[in-house]
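# Overview (structure and organization)
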Amino acid sequence: MPTLILVRHGQSQWNLENRFTGWWDVDLTEKGVAEAIAAGELLAEKGLLPTCAFTSLQIRAIKTLHLALEACGRLWIPETKDWRLNERHYGGLTGLDKQETRERHGDEQVHIWRRSFDTPPPVMEEGTDYDLAADPRYAGIAVPRTESLKLTIERVLPYWEGEILPVLTSGETVIVSAHGNSLRALVKHLSNISDEDITGLEIPTGEPIVYEFDAAMKPGERHYLKDR
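Keep in mind it's a predicted model, so treat the numbers as computed, not measured. (Residues numbered from 1 in each chain as written. Predicted model: local features only at pLDDT ≥ 70, side-chain atom pairs only at ≥ 80, totals over all residues. Heavy atoms only, no water.)

### Examining the sheet that holds strand E5 (residues 209-212)
- The sheet built from 6 strands is open, its strands ordered E3-E2-E4-E1-E5-E6 with mixed pairing. Looking at which strands have only one partner, the edges of the open sheet turn out to be strand E3 (79-81) and strand E6 (223-224).
- Judged from the 3 bridges that link them, strand E2 (residues 52-55) and E3 form a sheet pairing that is parallel. Counted as the bridge partner of Phe54 is Thr80 from E3.
- Against the sheet, helix H7 (residues 180-190) contacts strand E1 (3-8), strand E4 (173-178) and E5, and its axis sits at roughly 145 degrees relative to E1. (Pairing = 2+ DSSP bridges. Helix = DSSP H or I, 4+ residues; strand = E, 2+ residues; numbered from the N terminus. Contact = heavy atoms within 4.5 Å. Axes fitted to C-alpha atoms, helices over the stretch in contact; angles between N-to-C directions.)

This is the structure:
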């Protein structure tokens, strides 16, 4: 039975500091490392062992994948990294403290930027400290200046259809280690969640979410592995 495992990266330093992160590359905290290892130990305990892996180009997701795979004895499996699994780009909000941003712009405006389906945050200006246009990992890629959840979905779903789904269809047990919004894009599609409802869906760090597919590649109900 083809099985998909989704894991949001463990707590990052900017999760801890309550800052908008987006595409900026921030490492895991000690708690985030522990969450990633615990995810892998849970995979081993439940006997759900990945055979193929996908992740983003961001260190917090890559490390989470490697720590989890090492914990379940699967560090050797094939692995693909792609920018289309990156977190949503928070534009000009990148690096800002979330509470300070609320105080400056108001709760309502920040809520729209964070949770609106199709309203992106302010555009990141070129040449700022967090501009990644010259980062070698994105050579040849038009790095976005900002993204809404809708725009994030528009890059994640073609990657799902073209790269991840064919591997899954071949019978593999696929693990995807990614980010809150790139995983929200996948969950929206797989669980047929409306535009209005998806913005309220929280995906906790380091807790594997599982989908099992039938012979027609129709996904079953999503569930947390800890509840299996």
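### Thoughts on the side chain of Ser56
- Looking at where Ser56 falls in the secondary structure, it is placed in the loop between E2 and helix H3 (59-71).
- Ser56 gets classed as buried once you look at its relative accessible area, which sits at 0%.
- Within the structure, the side chain of Ser56 is placed 3.1 Å from the backbone nitrogen of Gln58, a separation counted as a polar contact.
- For Ser56, the side chain forms a polar contact with the side chain of His179, separated by 2.8 Å.
- Leaving out residues up to four positions away in the same chain, Ser56 has contacts with Ala61, Ile62, Lys81, Asp82, Leu85, Asn86, Ser177 and His179. (Buried < 20%, exposed > 50% of the residue type's maximum accessible area, 1.4 Å probe, protein only. Polar contact = N/O pair within 3.5 Å; in protein donor to acceptor, adjacent residues only side chain to side chain.)

### Concerning the environment of Val110
- Take Val110: it is sitting in helix H5 (residues 107-115).
- Placed 26 residues apart in sequence, Val110 and Pro136 show a C-alpha to C-alpha distance of 31 Å.

### Thoughts on the side chain of Ser182
- As for its placement among the helices and strands, Ser182 is situated in helix H7.
- With relative accessibility at 1%, the residue Ser182 sits in the buried group.
- Within the local environment of Ser182, its side chain forms a polar contact with the backbone oxygen of Leu85, the two atoms lying 2.9 Å apart.
- In terms of polar contacts, Ser182 uses its side chain to reach the backbone amide nitrogen of His179, at 3.2 Å.
- Non-local contacts of Ser182, meaning those with residues more than four positions away in its chain, are made with Leu85, Asn86, Glu87, Thr152 and Val156.

### So, the UniProt feature "active site" (unreviewed entry) in the protein
- According to UniProt, the feature "active site" (unreviewed entry) maps to His9 and Glu87 in the numbering used here. A maximum C-alpha distance of 10.5 Å is found for the annotated residues, which run over 79 residues; spatially they form one tight group.
- Tracing the sequence through the fold places His9 in the loop between E1 and helix H1 (13-17).
- Given the relative accessible area of 2%, His9 is considered buried.
- Setting aside its immediate chain neighbours within four residues, His9 contacts Asn15, Arg60, Ala61, Thr64, Ala178, His179, Thr205 and Gly206.
- Residue classification places Glu87 among the buried positions, given a relative accessible area of 7%.
- Ignoring anything within four residues of it in the chain, the contact list for Glu87 reads Gly22, Trp23, Gln58, Arg60, Glu147, Arg155, His179, Gly180, Asn181 and Ser182. (UniProt positions renumbered as here; feature names shortened; annotations may be inferred.)

### Here we look at unusual backbone geometry
- One non-glycine residue, Asn18, adopts positive backbone phi at about 60 degrees.
- With respect to the secondary-structure elements, Asn18 resides in the loop between H1 and helix H2 (30-46).
- Backbone geometry places Asn192, a non-glycine residue, at a positive phi of 55 degrees.

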